[in-house]
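# Per-entry structural report
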Amino acid sequence: MDTTKIMKSFFALLLLAVLSFLNHYSSFAVNDTTEVQLNEPRTLNSGLFAIANEDTSNYITIGGALRYNLYLEDYGGPIKESDSQFTFDMWRINVNGRAQGININFEYRFYPTFGTHFVKQGWLGYDFSKQTNLQVGVTQVPFGLLQYASHNWWFQLPYYLGLEDDHDMGFKLTTSRGNWDVHLAYFMQADPNGIAQFAPQNTARYSYDIIAEPSEGLSNSETNQFNGRAAYNWDHGSLGSTELGLSIQYGGIYNSALNEVSDHYALAPHIDGTYGNFNVKAEYIYYNHNAQNDHGNPVDIVQMGAYGVNTYDVAAEGHMYVLGISYSKDVDWGPISNLTFYDNYTYLDKTNEIFTDTQHNVLGMMVTAGKVYTYFDIASGKNQPWLTDNFGEGLGAGVNDPRWKTRFNINIGYYF
């Protein structure tokens, strides 16, 4: 029997059972938490434009961001004039609101340097109670460390394999009970295509996904994905807090040339601890893409892509070890209110013995000044797909005995 159909039916029955339970017990009576949040000035004033009725049960806020990048690359050999640039990184529009008890959250991004624009997220939501809500649309996949596994602007390596801050099209149910946070989700497909000027349209997206590449004999794409995430939170009083969690992901890989679906899955235990001014993030990720080429043969790599840039090879199976630490210090230096120092590291152990492993490290500092956030990052990598003159090499077979390649990057962002 088709495993995907079984999982689909199971999830549908589970979702119906949960919704029936929510409606049956009075302790889950509808109670909008957003009304409480909107009473705080920081929420009403967080956007460029905001309107709310008198009791703030209906409202809309419109905001966005504007970002610039200044960087210097050292990828081996003499440094050329083109290795240092000041670029227009991104601008975006954000809309948040509520009408008649239905929430909306929408973000659209434009990247002039890459000639691309796309939806990052766009969902409708309903709060069953203070503890439980449902989101429908393009929403963040509940996997691993949330919202990010990183402290820096470059993310950690799981992002470039679609396992950090991933957004897909589907349904997500979130509930909190005591010290537990639980997510259940079903995603029919990856996030929708945007517009790409320099690459195929299916690469115009925020999240890294498996992308169909018929010219490479890999007409694969993601479908029917199920996610479960549970996290337990300890409050240590004045000492801080700790979250321990476990995430499971299972879905299909559809080959349009064969009209067949194979499977892929991932597993990730994680820890996220805040102790005084320190924050520690750590997780282990195992993933396995049981993909096939257009002739029906199993393959050692899949093609992934995003940002309107050509796809690159990713090892079909691997183990990732993620560790990040940060230190936050409030200051009173004119407009500067906070300095956050961090170091984030990931090691990717590819199970294919002839492939060369990947390393990724970002050492840096974030400076907060009002609504301006500036990241100073020293991003380094061995077989990292972006930190190289030859874009896309590294996450597949890689190269033997690679040197560390480094990019000093300053990202200046105004968020309104």
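Scope of this entry: the structure provided in the associated data block. (Residues numbered from 1 in each chain as written. Predicted model: local features only at pLDDT ≥ 70, side-chain atom pairs only at ≥ 80, totals over all residues. Heavy atoms only, no water.)

### Observations regarding the packing of aromatic side chains
Quick note on the threshold: Between the rings of Phe, Tyr and Trp (Trp by its six-membered ring), a pair exists once the centres lie within 6.5 Å; its type follows the angle of the planes, with under 30 degrees stacked, over 60 edge-to-face, and the other angles tilted. Here, a charge over a ring means that NZ of Lys or CZ of Arg falls within 6 Å of the ring centre while also lying within 35 degrees of the ring normal.
Following the criterion strictly, the structure yields 32 aromatic pairs and no others. Just above the ring of Y71 sits the side chain of R407; from NZ or CZ to the centre is 3.8 Å.

### Focus on the sheet that holds strand β10 (residues 209-210)
In plain terms, the rule: Any two strands with at least two DSSP bridges between them are considered paired. Counting from the N terminus, the helices are the DSSP runs of H or I reaching at least four residues and the strands are the DSSP runs of E reaching at least two.
Pairing is antiparallel in the open sheet, where 3 strands are placed in the order β10-β15-β16. Strand pairing shows two members of the sheet lacking a second neighbour, β10 and β16 (312-315), which therefore form its edges. Alignment of β10 against strand β15 (residues 301-305), held across 2 bridges, turns out to be antiparallel. Residue pairing for β15: I210 is matched across the bridge by M304.

### Considerations on the side chain of R92
As a reminder of what qualifies: Exposed residues in this analysis have more than 50% of their type's maximum accessible area, buried residues have under 20%, and partly exposed residues fall in between, with area computed by a 1.4 Å probe over protein chains only. Whenever a nitrogen or oxygen atom comes within 3.5 Å of another N or O atom, the pair is scored as a polar contact, on the condition that within protein one atom can donate a hydrogen and the other can accept it, and that pairs from neighbouring residues in sequence are kept only if both atoms are in side chains. Contacts are residue-level and defined by heavy atoms, with any inter-residue pair within 4.5 Å sufficient.
Relative to the helices and strands, R92 resides in strand β3 (residues 84-99). For R92, a relative accessible area of 16% corresponds to the buried category. Engagement of the side chain of R92 in a polar contact is seen with the side chain of N94, the distance being 2.8 Å. With residues near it in sequence (within four places) discarded, R92 still touches G63, G64, A65, E107, Y108, R109 and Y415.

### Some words on the nonpolar core
Soluble globular proteins tend to bury their nonpolar side chains together. The following threshold applies: Among buried residues, those of type Ala, Val, Leu, Ile, Met, Phe, Trp, Tyr and Cys that are joined through side-chain atoms within 4.5 Å constitute a nonpolar core.
Y160, Y208, Y287 and Y307 are the most contacted members of the largest nonpolar core, which totals 47 residues. When contributions to this core are tallied by element, the ones reaching two or more residues are β8 (180-190), β13 (260-275), β14 (278-289), β15, β16, β18 (336-350), β19 (358-369) and β20 (372-382). What Y287 contacts, discounting residues up to four positions off in sequence, is L161, L163, Y265, A266, V314, A315, A316, E317, G318, M320 and L348.

### So, the pairing of β19
Remember that side chains alternate between the two faces of the sheet whenever the strand is regular. Burial within β19 is extensive, with 9 of its 12 residues counted as buried. Linking two consecutive strands that pair antiparallel, namely β19 and β20, is a turn of 2 residues; a positive phi of about 65 degrees is found at G370 within it.

### Side note on the pattern of salt bridges
Heads up, the condition is: Salt-bridge detection follows one rule: a side-chain nitrogen of Lys or Arg within 4 Å of a carboxyl oxygen of Asp or Glu.
Applying the stated criterion across every chain, the model contains 11 salt bridges. Residues E107 and R92 are paired through a salt bridge, measuring 3.8 Å at the closest nitrogen-oxygen approach. Taken together, the residues span a long stretch of sequence, with E107 in strand β4 (residues 102-111) and R92 in strand β3 at a distance of 15 residues. This pair shows no difference in class: E107 is buried, exactly as R92 is. We note a salt bridge from R98 to D127, for which the minimum N-O separation is 3.6 Å. Residue R98 is found in strand β3, and its partner D127 is found in strand β5 (residues 116-127); the two are separated by 29 residues along the sequence.

### Some remarks on the side chain of T340
Mapped onto the elements, T340 comes out in strand β18. Polar contacts involving the side chain of T340 include one to the side chain of N338, which spans 2.8 Å. The residues contacting T340, other than those within four sequence positions of it, are S326, Y327, S328, G364, M365 and M366.

### A short note on empty space enclosed by the protein
As a reminder of what qualifies: Only protein atoms enter the 1 Å grid used here, on which a cavity is any set of points holding a 1.4 Å probe that cannot leave and a pocket is any open set flanked by protein within 12 Å on both sides along at least five of seven lines; residues with an atom within 4 Å of a point are listed as lining. Grid points are joined across faces, edges and corners, and a volume is the space filled by probe spheres set on the points. Lys, Arg, Asp and Glu make up the charged group, whereas Ala, Val, Leu, Ile, Met, Phe, Trp, Tyr, Cys and Pro make up the nonpolar group; the residues left over, Gly among them, are polar.
Across all of its chains, the model carries 3 cavities of 30 Å³ or more by this definition. Approximately 100 Å³ is the volume found for the largest cavity. Looking at the lining of the largest cavity, the elements that each hand over two or more residues are β11 (220-235), β13 and β14. Looking at side-chain class alone, the lining of the largest cavity contains 6 nonpolar, 5 polar and 3 charged residues.

### Things to note about the pairing of β20
The sheet contact formed by β19 and β20 spans 11 bridges and is antiparallel. In the sheet register, M365 faces β20, and the bridge partner there is F376. Examined bridge by bridge, β20 and strand β21 (residues 405-415) share 10 bridges and lie antiparallel to one another. Directly across from A379, in β21, lies its bridge partner R407.

Geometric descriptors of this kind do not, in isolation, establish any biological role.
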